[in-house]
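# A look at the structure
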Amino acid sequence: QVQLVESGGGLVQAGGSLRLSCAASGRTFSPYHMGWFRQAPGKEREFVARISESGGSTYYADSVKGRFTISRDNAKNMVYLQMNSLKPEDTAIYYCAARQSYYSVWRDWGQGTQVTVSS
């Protein structure tokens, strides 16, 4: 099991940027696939982005493609989500998640960080 702690959320105007960070501890971090999810009020949690263990492969939800970038630094046990051109509909609690492989379930989750985008 890996412990995850998100940070970097806040209030930003539409069109602005934020960078979320996820610090991992516990088991060895580098073999894990990492992802970001979000949950808006009254809605189900949805996938945002994921990155392979090496960082060589990434995948994004259509709603954030071209605006968000996921990255990782295995030496620092960190995962990042750079969010640009933010929209009010990006307002949500953002969660970092980990899984042991592409075929595994997302088992480990952080506590979330709030992102609010004002119009």
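Note that residues are indexed from 1 along each chain, following the sequence as it is written. Since the coordinates come from a predicted model, pLDDT governs what is reported: local features require at least 70, and pairs of side-chain atoms require 80 or more to be given and counted, while whole-chain, interface and lining totals use all residues. With hydrogens and water stripped out, all remaining heavy atoms of the structure feed into the side-chain values.

## Remarks on the state of the cysteines
Only a pair of cysteine sulfur atoms within 2.5 Å qualifies as a disulfide here. Taken as a whole and assessed by the stated rule, the structure comprises 1 disulfide. Note on cysteine connectivity: Cys22 is disulfide-linked to Cys96, with sulfurs 2.1 Å apart. Taking the sign of the S-S torsion, about -80 degrees here, the bridge from Cys22 to Cys96 comes out left-handed. Pair noted here: Cys22 is in strand E3 (residues 18-26) and Cys96 is in strand E9 (residues 92-99), with a separation of 74 residues, a long-range link. Here the two residues Cys22 and Cys96 agree in accessibility, since each one is buried. A run of H or I in DSSP counts as a helix once it spans at least four residues, and a run of E counts as a strand once it spans at least two, with each numbered from the N terminus. Exposure categories follow from relative accessible area, calculated using a 1.4 Å probe and restricted to protein chains: below 20% of the type maximum is buried, above 50% is exposed, and the middle band is partly exposed.

## Some thoughts on the sheet that holds strand E8 (residues 78-83)
Spatial ordering of the open sheet is given by E1-E3-E8-E7, a layout of 4 strands whose pairing is antiparallel. What marks the edges here is a single partner per strand, and that holds for strand E1 (2-7) and strand E7 (68-73). Strand after strand, the sheet turns through a mean of 20 degrees between neighbouring axes, direction not considered. What makes two strands pair is DSSP finding at least two bridges between them. As defined by bridge partners, E3 adjoins E8 across 6 bridges and the pair is classed as antiparallel. From the neighbouring strand, Arg19 faces E8, where its bridge partner is Gln82. Helix axes are fitted only over the stretch in contact, all axes being lines through C-alpha atoms; the angle between N-to-C directions runs from 0 to 180 degrees.

## Details of the side chain of Arg38
As for its placement among the helices and strands, Arg38 is situated in strand E4 (residues 33-39). A polar side-chain atom of Arg38 sits 3.5 Å from a polar atom in the side chain of Ser63. Polar contacts, as used here, are pairs of N or O atoms within 3.5 Å; protein pairs need one atom able to donate a hydrogen and one able to accept it. Residues neighboring in sequence count only if both atoms are side-chain atoms. At a separation of 2.9 Å, a polar atom in the side chain of Arg38 contacts the side chain of Asp90. Setting aside residues no more than four positions away along its own chain, Arg38 makes contact with Glu44, Arg45, Glu46, Val48, Ser63, Val64, Phe68, Glu89, Asp90, Ala92, Ile93 and Tyr94. Contacts are residue-level and defined by heavy atoms, with any inter-residue pair within 4.5 Å sufficient.

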